[in-house]
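Here is how the chains run, residue by residue.
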Amino acid sequence: MADPSLTSPSGTPLRSPSSSVTLSFPFLSERSRVWEEGKEQPLPRDLPSPLPTKRTRTYSATVRAHSGPVFKGVCKNFSRSQGHGFIQPSHGGEDIFVHISDIEGEYVPVEGDEVTYKVCRVPPKNLKVQAVEVKITHLKPGTKHETWSGQIISS
């Protein structure tokens, strides 16, 4: 029997259904064939990025990068549509990855621009580094540069 003191928000008394209610859901077991056939593979855009962007970087990693030394290099390539590029360090060594969110200033870097940057380790193994706080110090002469708003300027 239902408790007569229980009421709905509208004030009507609540009561149990007179017949038993059974719910059936199309649950599939993990090892069933239907489960495997119906399973959609994740698209690359659905997977989380392994590279920390300025927005997703931890506070401690940001502090370590900010307190580190400033390096000089040359922009090897940068794709605004893909959102990343690479910097060739002036001291030599491997090219360093740079994410679009880590570029400071009003211009989109192009090949040959001289830049300064700091480095931040890339998790989870912290074996590689990426450039952060990237600033263009000298625009490559004779090239067209684009501002982030889309205006084209010849240098």
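Values in this document were obtained by computation on a predicted structure and should not be read as measured data.

(A) Layout of the side chain of Q130. Assignment of secondary structure puts Q130 in strand β6 (residues 129–138). Classification of Q130 as buried rests on a relative accessible area of 0%. One polar contact links Q130 to D102, side chain to side chain, over a distance of 3.2 Å.

(B) Here's a closer look at the nonpolar core. The biggest cluster of nonpolar side chains holds eleven residues, and these are C75, F78, I87, I96, V98, I103, V108, V115, Y117, A131 and V134. Counting only elements with at least two residues in this core, the list comes to β1 (71–79), β3 (96–99), β5 (114–121) and β6. Not counting chain neighbours up to four residues away, the residues in contact with V98 comprise F78, G83, H84, G85, F86, I87, I103, A131 and V134.

(C) Summary view of the pattern of salt bridges. In the structure shown here, the tally under the stated rule is four salt bridges. Note that R80 is salt-bridged to E146, the shortest N-O span being 2.9 Å. Of this pair, R80 sits in the loop between β1 and β2 (84–89) while E146 sits in strand β7 (residues 144–146), and the two are 66 residues apart along the sequence. A relative accessible area of 29% means that E146 is categorised as partly exposed.

Quick notes on the rules
- The residue numbering used here restarts from 1 in each chain and proceeds along that chain's sequence as written.
- The predicted origin of the model limits local features to residues at a pLDDT of at least 70 and limits the giving and counting of side-chain atom pairs to 80 or more, whereas totals for whole chains, interfaces and linings rest on all residues.
- Derived side-chain values reflect all non-hydrogen atoms in the structure, with water molecules and hydrogen atoms excluded from consideration.
- Each helix is a run of H or I in the DSSP string that is no shorter than four residues. Each strand is a run of E no shorter than two, and both are numbered from the N terminus.
- For each residue, the accessible area found with a 1.4 Å probe, counting protein chains only, is set against the maximum for its type, and the residue is called buried under 20%, exposed over 50%, and partly exposed in between.
- A 3.5 Å cut-off defines polar contacts: any pair of N or O atoms within that distance qualifies, except that in protein one atom must be a possible hydrogen donor and the other a possible acceptor, and neighbouring residues in sequence count only when both atoms are side-chain atoms.
- Definition used in this section: a nonpolar core is a set of buried Ala, Val, Leu, Ile, Met, Phe, Trp, Tyr and Cys residues joined via side-chain atoms within 4.5 Å.
- It only takes one pair of heavy atoms within 4.5 Å for two residues to be counted as in contact.
- Think of a salt bridge as a Lys or Arg side-chain nitrogen and an Asp or Glu carboxyl oxygen that are within 4 Å of each other.

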